[in-house]
Each structure stands twice: as structure tokens, then as C-alpha cells.
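Listed here are the chains, written in short residue letters.
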Amino acid sequence: MEIVGQSNGQNLRIAIVVSRFNQLVTDRLSNGAMQQLLQLGVSKKDITVIQVPGAMEIPRIVNLISKNKKYDGILALGAVVRGETAHFDYVCAQSAQGVAQTTLNGEVPVMYGILTTDNMSQALNRAGGKSGNKGAECASDVIEMINLEKELS
């Protein structure tokens, strides 16, 4: 027997938590996610976009909204581009760890779509460029995980 989550987003409520930092990239991630959710049958009225200042703020809001049972799934979208200091390493590690904690222990599926790239070109390639759109990919994945969890419960 094989169990696979379906790609049907009807009647699902989705939160998109997106960083404003590197907005040229994050707007593209958010738009890609929105379009994919709509294609999968999620109603526009059931999608909430929550903007936060940067990637470090994403885990706190993801954790907070995962507890309120208002949403069936959450997308965490951001872009951290390497700079000249170690700040990149700290932001990447802490944002990933924070989202991972909620992913494992939270009430709803959370998809991690925080890009961590060496340069802006790599980030743009993953936000609708030649490498696809990580936001759209996360949108598909969260719908699949929600339906898989329903199937297993």
C-alpha cells in the first residue's frame, strides 16, 4: 500500500509568512506561492500573507500562528544573501532552526522556503528564474502535506 497526499487545496486555509528584507526576491516567492495555491484550488479569501521585517522574525510568527488553529498550513518565505560578515551564517542557522522546531512540534505543516544563497543572482534564479520558484514549490508541498496528514489521522 502507498499513501500519497493529494494536491487538492479546496477549503484549506493557508498562511504565508514572508520577509520584507530582500523584497525583490521575496515578492517573487510570495507571488509564486499565491499563484500556485490558487491553481491548486485554495480560495483567495483563505490565503493570508503576513509580512515580517526579516528572516529572523519568521520563526516567531510561524510558531505563533501554528498554535491558533486558524490555518491548515504555513509557508515560511524569505531570502538571506551572503554578505561580508558572519551575520549570514547566524541568520541562516537560527531561522532554519526556529522554523524546524515548529515544523516538528507544531499543529500544522510548515514549508521552509527561506532561500540562503551566495549572491542575488542565485536568489533570483530560485524565485522564478531558471531554477523555478521555491515559493510555488512550497505551496504545492504544503497542500500535499496537509492532505497526507488528514489521510493518516
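This section reports on the structure supplied with the text. (Residues numbered from 1 in each chain as written. Predicted model: local features only at pLDDT ≥ 70, side-chain atom pairs only at ≥ 80, totals over all residues. Heavy atoms only, no water.)

Notes on the sheet that holds strand 4 (residues 110-117)
Two modes of strand pairing occur in sheets, parallel and antiparallel, and in both the strands are linked by backbone hydrogen bonds.
Then, in step 1: Within the open sheet, the 4 strands sit side by side as 2-1-3-4. Their pairing is parallel. The sheet is open, and its two edges are formed by strand 2 (47-52) and strand 4, each paired on a single side. For this sheet, the mean angle separating the axes of adjacent strands, direction not counted, is 15 degrees.
Then, in step 2: Taken together, the 6 bridges between strand 1 (residues 14-19) and strand 2 define a ladder with parallel strand orientation. In the sheet register, A15 faces strand 2, and the bridge partner there is T48.
Then, in step 3: Strands strand 1, strand 2, strand 3 (73-81) and strand 4 of the sheet are contacted by helix 2 (residues 58-66), whose axis makes an angle of about 180 degrees with strand 3. (Pairing = 2+ DSSP bridges. Helix = DSSP H or I, 4+ residues; strand = E, 2+ residues; numbered from the N terminus. Axes fitted to C-alpha atoms, helices over the stretch in contact; angles between N-to-C directions. Contact = heavy atoms within 4.5 Å.)

A short note on a nonpolar patch on the surface
Then, in step 1: A contiguous nonpolar surface patch, about 400 Å² in accessible area, is contributed by M1, I3 and L152.
Then, in step 2: Of note, I3 is situated in the segment before strand 1.
Then, in step 3: Classification of I3 as partly exposed rests on a relative accessible area of 36%. (Patch = residues over 30% accessible without salt bridge, like charges linked within 9 Å, V, L, I, M, F, W, Y side chains within 5 Å. Areas by Shrake-Rupley, 256 points an atom, 1.4 Å probe, with all protein chains shown as cover. Salt bridge = Lys/Arg side-chain N within 4 Å of Asp/Glu carboxyl O. Buried < 20%, exposed > 50% of the residue type's maximum accessible area, 1.4 Å probe, protein only.)

Topic: the pattern of salt bridges
Then, in step 1: All told, the structure shown has 6 salt bridges when counted by the stated rule.
Then, in step 2: The shortest N-O distance in the salt bridge between D46 and K45 comes to 3.4 Å.
Then, in step 3: For D118, the salt bridge identified is with R82, shortest N-O distance 2.9 Å. You can see D118 sitting in the loop between strand 4 and helix 4 (120-125) and its partner R82 sitting in the loop between strand 3 and helix 3 (87-105), a full 36 residues away along the chain.
Then, in step 4: Residue class for R82 comes out partly exposed when judged on its relative accessible area of 39%.

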